[in-house]
Number of protein chains: 2
Amino acid sequence: MLDQVLERARGARAAAEAELFELISIPSVSALPEHRDDCRRAAAWLERRLRAMGMEASLIDVPGGGHPVVEAEWLGRPGAPTLTVYGHYDVQPPDPLEEWLSPPFEPVVRDGFVHGRGADDNKGQHLASVLAAEHWFAAGGPPLNLRFLIEGEEEAGGRSLPEHVRANASRLATDFLLIADGSFAAPGLPAIVTGLRGMLYTEIEVVGPRVDLHSGIYGGIAPNPFNSLAHILAGLKDRDGVVQIPRFYDDVVPPSAEELAGWRGLPITEAGELEAIGSSRLTGEPGYSLLERRWARPTLDVHGVIGGFTGAGSKTVIPARAKAKVSMRLVPQQDPATVLSDLREAVSALATPGTHAEVVDLGSAPPVRMETGHPGVAALRRAFAAAFGAEPVLIREGGSVPVTVDFQEALGTHLLVTGFGLPGDALHSPNERMSLDQYHRATEAVIHLMHGLAGGE
Amino acid sequence: MLDQVLERARGARAAAEAELFELISIPSVSALPEHRDDCRRAAAWLERRLRAMGMEASLIDVPGGGHPVVEAEWLGRPGAPTLTVYGHYDVQPPDPLEEWLSPPFEPVVRDGFVHGRGADDNKGQHLASVLAAEHWFAAGGPPLNLRFLIEGEEEAGGRSLPEHVRANASRLATDFLLIADGSFAAPGLPAIVTGLRGMLYTEIEVVGPRVDLHSGIYGGIAPNPFNSLAHILAGLKDRDGVVQIPRFYDDVVPPSAEELAGWRGLPITEAGELEAIGSSRLTGEPGYSLLERRWARPTLDVHGVIGGFTGAGSKTVIPARAKAKVSMRLVPQQDPATVLSDLREAVSALATPGTHAEVVDLGSAPPVRMETGHPGVAALRRAFAAAFGAEPVLIREGGSVPVTVDFQEALGTHLLVTGFGLPGDALHSPNERMSLDQYHRATEAVIHLMHGLAGGE
């Protein structure tokens, strides 16, 4: 039966591409209120697809939540294990628009890649699993029980899916949980993720004068919240990238010798990363390798600053307030709550005289460590070998997938965290793309995985 | 003859008030296109008044400019000095309208003050000089040559008057130039301005990666231009407000002992300024008084920051670039070009590894120092003493009045910079007002000034 399913998938590639283009064309930007209806349209599109193949599918609106969760279930193999597939249909905002070579929501194929916002992150990746399930259904039914949980708030830090999972933990019990929201370690080199950095996302707000003031009249006596903010941000991370928040590194657990040895064999070089980043040199903590800085060390980045005069030309205002978006990437065993409290203390102390600074918590996720000794990882290894002809390596990822923590805590399940994208797919950037070859092979890999998790060789 | 002129002025107070109300009633808001015709109406109103008293008056439209300059001239005293009076008939936009107790362009007298937009800034102030000239003409002619230059772009940053002055410098040659666009230091305490701070307005642009990057994937290795910008801005001015640009203070000339003594006597207190600013404390360089920091010390302020993610919620981007609007207030004898070049050097050195920073010059005005040793200042002192019964103090102003630089450079004349308004007249704010007593005494002061400049005691 496996061969028949694979055969069917290979014969349906044109249709599979058309479906991906259709889904990319829905601008489901979860962070922007004007795209609220588009998010629901993307969810409804997935719900229809999942129902059409024979699953019980519904849109779940969590009270107080934002965008609906697509839940689909088929429990037609009593006694067989259950696989739950995670995905997110929401995408990052596409700005800056002027840097896209083609419009972000009008998918175009160039050089074997489909370009469009969400092509890799995460529409192409979860659609591969949707197609894999569909081909199994068309061939008589999957060899194991299946569930899909596809959320619409991953890029906006929403809590609808985590709350849904925690509130329905026993009904949603599952043996394995596939999260394909990452990438290969290199072209031709699949990867299984054994650790994810956590995150703490904050807004630092600084207040100076009561109202905006004229800098000619008050410059030299009125505290300026932007100058204060600069001192706060410069004080949080030094010029070399070492975070200065008190106790920040105290709970960091170094990677194992085995992990470090594996990372040394990866074809990821300073020169290659410099090329990808396009700056004059890399930054980061002295004394740590490139992959340690990226996967096993915490860091801090400023994402934007709000307030004051930002128009063309010159306006001489001392603004009343300034805000910065600041996030920290956390690694095992850092605790976001502890870091937040230490950050608050540091920010208060760094604010310059006459200004007052507060830290608003915009959301956090603890770092995650995944076990590799269970049969799911073995099945995933075989699936990659069969579909891509390559053995996966064990890596970590620098990004956060907050829901993994909820899955781990609420469902106690075996996580299979991996990715079908490629480095260079420009996630969160202009000209995001997904290799069509990766997309089709990913569909076959998930077909293999379903077979393997059900006990097939 | 002086007594006769003064007598005439005292007998014409009701008419003088009616004229001020008429001019305030013309909503000559230069920044709003819908008031373009009103600006011309105000200019024509002044032109008529000046012509009626016997001056040659005309409206000058500078090519490429906005609102006309009112120029009027009477050179009927060969051998006597020439006084040019500056003013501006344009006013600030009146918003927020709901905070006005009476409509901004329907002047109403309450408690001895006429309330209306432009009452103080600058209609009441230049009308006093127009009336002074008129009373001299009515009594047989002014004792010196007279010129008026009343512009309509002061509140909109227009360059019509400066260009007119520079293009006609020899024809507009003048011995003294009166700019009454300021205020008393306190009720009963006239002030003569001896210095204005200059300005250098820049945009600092920092480039990190070639494109926006995901902070999960690249955080720890990719240089972040916002973190770099924070180090640059924090490095330009320390926590106490001391500017760190190399050589920044080298050319600063301290105020004279006479100036400092005068400032110590002014009723301007830390408590009063704190109340106006509404912050927990004032800032500024240690070791300098409030008024030194405001008038005689240079400073640096950040007005806003551009780029990155500034929407609601959280987006984990390492942006490709970040820009800050930064200006410096300069004092005599700082040279904007020298400061710009030192700033460029400092900014380059402060950018963190892997980022590159550039400084864009958005415009500058040199600081201005007014000499006080010439007979014009002596005459102005006597005029204040005679009309207000008080000796003026020498003060400076923290803001820039760019046209003073043009007058000084193009005409090489003795500037008399002063003001007839009172603190609390709410310039640029709702319920702007002008004391009628100040207005009438200002008229007498200018009558005295004309007499004194002509050599009278």
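1. Here's the deal with the overall build of chain A
Broken down by element type, chain A carries 14 helices and 18 strands. Radius of gyration (C-alpha) of chain A: 23 Å, near the 23 Å computed for a compact globule of 457 residues. When its C-alpha atoms are laid out on the principal axes, chain A stretches across 80 × 50 × 45 Å. Relative to its 457 residues, chain A shows a buried fraction of 58%. Restricting to contacts in chain A with at least 6 residues of sequence separation, those with at least 24 account for 80%.

2. Section: helix α12 (residues 375–388) of chain B
All names here are of chain B. Its 14 residues place the ends of α12 20 Å apart at the C-alpha level, agreeing with the 20 Å of an ideal helix rising 1.5 Å per residue. Within α12, the full set of buried residues consists of G376, V377, A379, L380, A383, F384, A387 and F388. Projected down its long axis, α12 shows its buried positions confined to an angular sector of 160°, all on one face. Against the buried residues of α12 lie β7 (176–180), β8 (191–196), β17 (414–418) and α14 (436–453).

3. Observations concerning the domain arrangement of chain A
Looking at chain A, the domain boundaries give domain 1 (2–196 + 368–453) and domain 2 (198–252 + 298–365). Distance from the C-alpha centre of domain 1 of chain A to the C-alpha centre of domain 2 of chain A: 35 Å.

4. With respect to the interface of chain A and chain B
Facing 79 residues of chain A, the contacting portion of chain B comprises 71 residues. Top element by residues in the side of chain A that touches chain B is strand β11 (residues 299–306) of chain A. It accounts for seven residues. Looking at the side of chain A that touches chain B residue by residue, the class counts come to 30 nonpolar, 35 polar and 14 charged.

5. What about helix α1 (residues 2–10) of chain B?
Residue and element names in this part refer to chain B. The set of residues buried in α1 consists of V5, L6 and A9. Along the axis of α1, the buried positions cluster into a sector of 95°, meaning they face one direction only. Within α1, the exposed residues directed more than 90 degrees away from the buried face are D3 and E7. Looking at the buried residues of α1, the elements they touch are α4 (119–138) and α14.

6. Side note on the confidence of the model for chain A
Residue-level pLDDT values for chain A average 95, and 100% of them are 70 or greater. Scoring the predicted complex yields pTM 0.82 and, for the interface, ipTM 0.86.

7. Observations concerning the nonpolar core
Counting residues in hydrophobic clusters, the biggest one holds 252 residues, and the most contacted among them are L229(A), I232(A) and I232(B). What L229(A) contacts, discounting residues up to four positions off in sequence, is I204(A), V206(A), V305(A), A322(A) and A324(A). In terms of nonpolar packing, the next biggest core, distinct from the first, is built from eight residues, Y218(A), A222(A), V317(A) and I277(B) among them.

8. Section: the packing of helix α2 (residues 13–24) of chain A against helix α14 (residues 436–453) of chain A
Residues and elements named next belong to chain A. At a minimum axis distance of 11 Å, the contact between α2 and α14 shows a crossing angle of 110°. Classified by the angle their axes make, α2 and α14 are roughly perpendicular. Read as a crossing pair, α2 and α14 show a hand that is right-handed. Two secondary-structure elements touch here, α2 through R13, A16, E17 and L20 and α14 through L436, Y439, H440 and T443. Of the residues assigned to the contact of α2 with α14, the class counts are four nonpolar, two polar and two charged.

9. Overview of the sheet that holds strand β9 (residues 198–207) of chain A
All names here are of chain A. In space, the four strands of this open sheet follow the order β11-β13-β9-β14, with antiparallel pairing throughout. Edge strands, defined here as strands with exactly one partner in the open sheet, are β11 and β14 (356–365). Looking at each pair of strands side by side, their axes are set apart by 20° on average, direction ignored. For β11 and strand β13 (residues 321–330), the ladder comprises seven bridges, and the chain directions are antiparallel. Paired with D301 across the strands is S327, a residue of β13. Contacts between helix α7 (residues 225–236) and the sheet are confined to β9, β11, β13 and β14, with β9 contributing the most and set at about 150° to the helix. Packed onto the sheet, helix α11 (residues 336–350) meets β9, β13 and β14 and runs at close to 165° relative to β14.

10. A short note on unusual backbone geometry
Residues D95(B) and P96(B) are joined by a peptide bond in cis, for which omega reads 0°. Here P96(B) is to be found in the loop between β3 (82–88) and β4 (108–110). P332(B) connects to Q333(B) through a cis peptide bond whose omega is 0°. You can see Q333(B) is positioned in the loop between β13 (321–330) and α11 (336–350). Although it is not a glycine, R247(A) sits at a positive phi angle of roughly 65°. Inspection of the secondary structure puts R247(A) in the loop between α7 and α8 (257–264). For R247(A), a count of 13 C-beta atoms within 10 Å translates into the label partly exposed.

11. Brief notes about the sheet that holds strand β4 (residues 108–110) of chain A
Pairing between the strands of a sheet is mediated by backbone hydrogen bonds and can be parallel or antiparallel. All names here are of chain A. Here three strands make up an open sheet; going across it, the order is β4-β5-β18 and the pairing antiparallel. Where the open sheet ends on each side, the last strands, each with one partner, are β4 and β18 (433–435). Neighbour-to-neighbour, the strand axes of the sheet open up by a mean angle of 30°, direction not taken into account. Pairing analysis gives three bridges linking strand β5 (residues 113–115) to β18, with the strands arranged antiparallel. The partner of F113 across the bridge, within β18, is S435.

12. Considerations on the pairing of strand β8 (residues 191–196) of chain A
On any regular strand, side chains alternate: one points to one face of the sheet, the next to the other face. All names here are of chain A. For β8, the tally of buried residues reaches six of six residues, placing the bulk of the element in the interior. Sheet analysis places β8 next to strand β16 (residues 393–397), joined by five bridges and oriented parallel. By the bridge assignment for β16, I192 is matched with L394. Relative to strand β15 (residues 368–369), β8 is paired through two bridges, and the arrangement is antiparallel. Residue pairing for β15: G195 is matched across the bridge by R369.

13. Description of the environment of W136(B)
Residue and element names in this part refer to chain B. With respect to the element layout, W136 can be found in helix α4. Of the residues examined, W136 has 28 C-beta atoms within 10 Å and is grouped as buried. For W136 and H214, which are 78 residues apart along the polypeptide, the C-alpha to C-alpha distance reads 74 Å. The contacts of W136, once residues within four sequence positions are left out, are V5, G141, P142, I447 and M450.

14. Overview of the pairing of β3(B)
Residue and element names in this part refer to chain B. Taken across its seven residues, β3 has seven buried, putting it largely inside the fold. Of the two faces of β3, the one carrying T82, T84, Y86 and H88 and the one carrying L83, V85 and G87 are both buried. Both β3 and β7 contribute to a ladder of four bridges, which runs parallel. Bridging across to β7, V85 finds its partner in L178.

Rules of the game
- Residues numbered from 1 in each chain as written.
- Chains lettered and ligands numbered in written order.
- Predicted model: local features only at pLDDT ≥ 70, side-chain atom pairs only at ≥ 80, totals over all residues.
- Helix = DSSP H or I, 4+ residues; strand = E, 2+ residues; numbered from the N terminus.
- Rg over C-alpha atoms; globule rule 2.2 N^0.38 Å.
- Buried ≥ 20, exposed ≤ 12 C-beta atoms within 10 Å, placed from the backbone.
- Contact = placed C-beta atoms within 7 Å.
- Expected span 1.5 Å × (residues − 1).
- Arc of directions from axis to C-beta.
- Domains from an automatic or database assignment.
- Nonpolar A, V, L, I, M, F, W, Y, C, P; charged D, E, K, R; others polar.
- pLDDT = per-residue confidence, 0-100.
- Core = buried A, V, L, I, M, F, W, Y, C linked by C-beta atoms within 7 Å.
- Axes fitted to C-alpha atoms, helices over the stretch in contact; angles between N-to-C directions.
- Parallel < 35°, antiparallel > 145°, perpendicular 65-115°, else oblique.
- Left-handed = near helix turned anticlockwise from the far one by under 90°.
- Pairing = 2+ DSSP bridges.

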